[in-house]
Amino acid sequence: MKRRDFLAKSALTTAGTMLIPHFLKAFELNQLGAAPTSGKTLVIVQLSGGNDGLNTVVPFRNDIYYRERPTLAIAREKVLALNDEIGFNPALESLKSLYDDGLVTVINNVGYPNPDRSHFRSMDIWQTASDADQYLQTGWLGRYLDANCAGSASGHPHLAIEVDDTLSLALKGSSVNGLALLDPKKLYNQTRSGLVENLAAVKPAHVHDNVGYLYKTLAETVSSAQYVYDKSKQSGSGAVHATTGTYPASELGSRLKTVSELIQSGVSTSVYYISISGFDTHINQPGQQERLLRQYGDAVKAFMGDMKASNRLNDVLLMTFSEFGRRVKQNASNGTDHGTANNVFLVGGGLPSGIQHRVFNEAPNLTNLDEGDLKYSVDFRTIYATLLRNWLKTDDVAILGRKFDTLGFV
């Protein structure tokens, strides 16, 4: 096939119905077949848009909170108390039930030095685990894949799947990237077309690096799609394994259901990544945020119930973050503007027992602000370091580029 023909057909398939996500790199088939090293699974849920942490974990004993948010503050009597100072937004009733079961840890005041209030830049910082003045081209989970796949094409594979049709920077490494998919069977069928198979089978010589990259990426995607589909389908039929769990009819519910089905199928994946959007609440915040929080809590509760029913509760840990919180003072549009520090949730059966671990640290200090914004006290990279070292059992220093203290939540 001539280079011109290849490029033309590549452009056609990218824009057409094939929907292989932007030629994202996947894993070698032999890598996909091996078990993760730790036996643990990390599920990350990204709340895109900058969720308002103060109306999510509410400081209901703090008069400053009520003074600065006269129409947005959650009424004390409606807050789902976690302790004497803070409690969940009432829309998080489902998450509160998980908290009461000892499955949720809340980490307050999470951020980083010199915070950036741009959505794109702050998300890049969270996804790459960089400093605020550092621009990296690989994500922290992509480097996790690089580190664990280096020199081990058939030895120590690690997998990461984003349940989406595009791949986030977080899962892009230097030599290995994660795989993006919404449905294993759909992706498999898309890669079975004659055009895709013919393109994947081509072994071009003397082509431009970019074209070679596309060929390699396509071949890896085809092999990855086949592995995931073969592993996830029910024996004796072409249907993908279906969980018996009941999930809410929301985007997050659907995506967590897919994660559950892949986990229960035995697909060898260490990290799953999901993003949901809509948390940029500059205008008329209450209804929008409450709807999203309710969807989040209901979906997570369904997922954890499914993990318990399949005896995977202690092997699966779900982390939730947003790129920044909102300012303490509400704006004139009954909303909130971009802020800094925020809360992070950890949900799973493998967390230490005892109430001291459920609210991990101090509530936000509203008397000591940085130009109207919360000050962080927990660098988000200490959470990453803890997850990498203590949960995924890998070299956090090599992946993060330097040593961060670990926290005691796992």
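As shown above, the structure is provided for reference.
Residues numbered from 1 in each chain as written. Predicted model: local features only at pLDDT ≥ 70, side-chain atom pairs only at ≥ 80, totals over all residues. Heavy atoms only, no water.

Draft legend 1. Highlighting empty space enclosed by the protein. Evaluated as defined, the whole model comprises 2 cavities of 30 Å³ or more. Here the largest cavity is characterised by a volume of approximately 80 Å³. Along its surface, the largest cavity is lined by 13 residues, and Gly53, Asn342, Asn343, Pro364 and Leu374 are the ones closest to its centre. Of all elements in the fold, only β5 (104–111) and β10 (342–348) reach the threshold of two or more residues within the lining of the largest cavity. Looking at the lining of the largest cavity, its residues break down into 5 nonpolar, 6 polar and 2 charged. Lining the second largest cavity are Leu47, Asn51, Thr320, Phe321, Ser322, Asn342, Asn343, Val344 and Phe345. It is β10 that provides the largest number of residues to the lining of the second largest cavity, a total of 4 residues. Here the lining of the second largest cavity is composed, by residue class, of 4 nonpolar, 5 polar and no charged. (1 Å grid on protein atoms, 1.4 Å probe; cavity = no way out; pocket = protein on both sides within 12 Å on 5 of 7 lines; lining within 4 Å. Points joined across faces, edges and corners; volume = space filled by probe spheres on them. Helix = DSSP H or I, 4+ residues; strand = E, 2+ residues; numbered from the N terminus. Nonpolar A, V, L, I, M, F, W, Y, C, P; charged D, E, K, R; others polar.)

Draft legend 2. View of the packing of helix α4 (residues 93–100) against helix α11 (residues 285–309). Put simply, α4 and α11 touch, their axes get as near as 6 Å, and they point 40° apart. By the angle between their directions, the pair α4 and α11 is classed as oblique. Between α4, through Ser94, Leu95, Ser97 and Leu98, and α11, the contact on the second element is made entirely by Tyr296, Gly297, Asp298, Val300, Lys301 and Met304. Considered class by class, the residues forming the contact of α4 with α11 number 5 nonpolar, 3 polar and 2 charged. (Axes fitted to C-alpha atoms, helices over the stretch in contact; angles between N-to-C directions. Parallel < 35°, antiparallel > 145°, perpendicular 65-115°, else oblique. Contact = heavy atoms within 4.5 Å.)

Draft legend 3. Molecular detail of the pattern of salt bridges. Evaluation of the coordinates by the stated rule reveals 15 salt bridges. Salt-bridge contacts for lysine 96 lead to aspartate 100; the nearest nitrogen and oxygen are separated by 2.9 Å. Linking lysine 96 with aspartate 100, this pair stays in helix α4, spanning 4 residues, or about one helical turn. Across the salt bridge formed by arginine 381 and aspartate 131, the nearest N and O atoms sit 2.6 Å from each other. One end of the pair, arginine 381, is in helix α12 (residues 380–391); the other, aspartate 131, is in the loop between α5 (119–128) and α6 (140–149), and 250 residues separate them in sequence. Judged by its relative accessible area of 2%, arginine 381 falls in the buried class. Connected through salt bridges with shared partners, the residues Asp131, Asp379, Arg381 and Arg402 form a single ionic network. (Salt bridge = Lys/Arg side-chain N within 4 Å of Asp/Glu carboxyl O. Buried < 20%, exposed > 50% of the residue type's maximum accessible area, 1.4 Å probe, protein only.)

Draft legend 4. Spatial organisation of the packing of helix α10 (residues 251–265) against α11. At a closest axis distance of 9 Å, the pairing of α10 and α11 adopts a crossing angle of 15°. Judged by the inter-axis angle, α10 sits roughly parallel to α11. At the point where α10 passes α11, the crossing takes the right-handed sense. Across the interface between the two elements, Leu252, Gly253, Leu256, Val259, Ser260, Ile263 and Gln264 from α10 touch Gln295, Tyr296, Ala299, Val300, Phe303, Asp306 and Met307 from α11. The residue inventory of the contact of α10 with α11, partitioned by class, reads 9 nonpolar, 4 polar and 1 charged. (Left-handed = near helix turned anticlockwise from the far one by under 90°.)

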